[in-house]
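Examination of the molecular architecture
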Amino acid sequence: MTNEIEPPSPSPSPGKGAGVKRLFSKIAGRYDTANHLLSAGMDFLWRRRAAAVIKATTPSRILDVATGSGDLALALQKACPDAALTATDFCQPMLDEAAQKGLTDLVLADALALPFEDMRFDALTVAFGLRNMEDWSRAISEMRRVLKPGGLLLVLDFSVPPPPLRGLYRFYLHKILPRFAAVVTGEKSAYEYLADSIEAFPCGDTMNALIESCGFEGARCERLTGGIVSLYTARRPAASTVSAQ
């Protein structure tokens, strides 16, 4: 990461959360079908990669934030069968979908105010959810709070790829995806919002800087599928580092 990159100043967007909740409540029953079709099945590979990264840390307790319909939580459960897995979302219809898939430890909660004690989890994941939150810095800081010292944060989300793929991707994102999604889900507005939110979301070194500004260290970015999706990892500083600050 270069020193020239400054973290964005993500000013809170009052009311954004309520709007996002309404959108995703409407499409909860068709969310998985739309994801699989619109990503051409690549979403399975993205979640598998995220689960493999978490598995390598051999966590005892995992928290999946903004779990949606629970697909990443299921991948984590399969990859880490001995870990206690908790999944949260602030949209009850999405949690209902996750429950139908067999997930049990589901908690209705806003990521900006997680209902867990400090330093509870060894690993925390958030896939395609941070981008939708009202205040990215506040959300990341809250995730840090519930992670143990040395715990791993993993953020998986869409990003705008570098050239030469960028122009083609933007055309798909703004012109094709909303129309196709309208056919699949009946809610074109949700996917128009998706395109705009991806454009506004920091990526690469800028996201790494944002994560580290919230108290994490060693943030790194792994680009997947040419940079259409980025996987970020960082750790809460170990106890010795925390006590020295």
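As the structure is a prediction and not an experimental result, all values here were calculated from the model.

Thresholds applied
- Residues numbered from 1 in each chain as written.
- Predicted model: local features only at pLDDT ≥ 70, side-chain atom pairs only at ≥ 80, totals over all residues.
- Heavy atoms only, no water.
- Buried < 20%, exposed > 50% of the residue type's maximum accessible area, 1.4 Å probe, protein only.
- Helix = DSSP H or I, 4+ residues; strand = E, 2+ residues; numbered from the N terminus.
- Pairing = 2+ DSSP bridges.
- Core = buried A, V, L, I, M, F, W, Y, C linked by side-chain atoms within 4.5 Å.
- Contact = heavy atoms within 4.5 Å.

What about helix α9 (residues 205–213)?
Those residues of α9 that sit buried are M207, N208, A209, L210 and I211. G215, located one to two residues past α9, shows a positive phi value of around 100 degrees.

Here we look at the pairing of strand β7 (residues 229–235)
The element β7 is largely enclosed, with a buried count of 6 among its 7 residues. Note that strand β6 (residues 217–224) and β7 share 6 bridges and pair antiparallel. Note on β7: the bridge partner recorded for C221 is Y232. A loop of 4 residues connects β6 with β7, the two strands running antiparallel in sequence, and T225 in this loop sits at a positive phi of about 50 degrees.

Observations regarding the nonpolar core
In this structure, I54, L156, F158 and V229 are the most contacted members of the largest nonpolar core, which totals 35 residues. Listing elements by their share of this core, those giving two or more residues are α3 (42–55), α4 (71–79), β2 (84–89), β4 (121–127), β5 (147–158), α7 (165–185), α8 (188–200) and β7. Ranked by the residues each element gives to this core, the list is headed by α3, at 5 residues. In this view, I54 contacts P59, I62, L76, C80, A123, T125, L152 and L154; residues no more than four positions away in its chain are not counted. Membership of the second largest hydrophobic core comes to 28 residues, among which are V146, V155, L210 and Y232.

The analysis is restricted to geometry; functional conclusions fall outside its scope.
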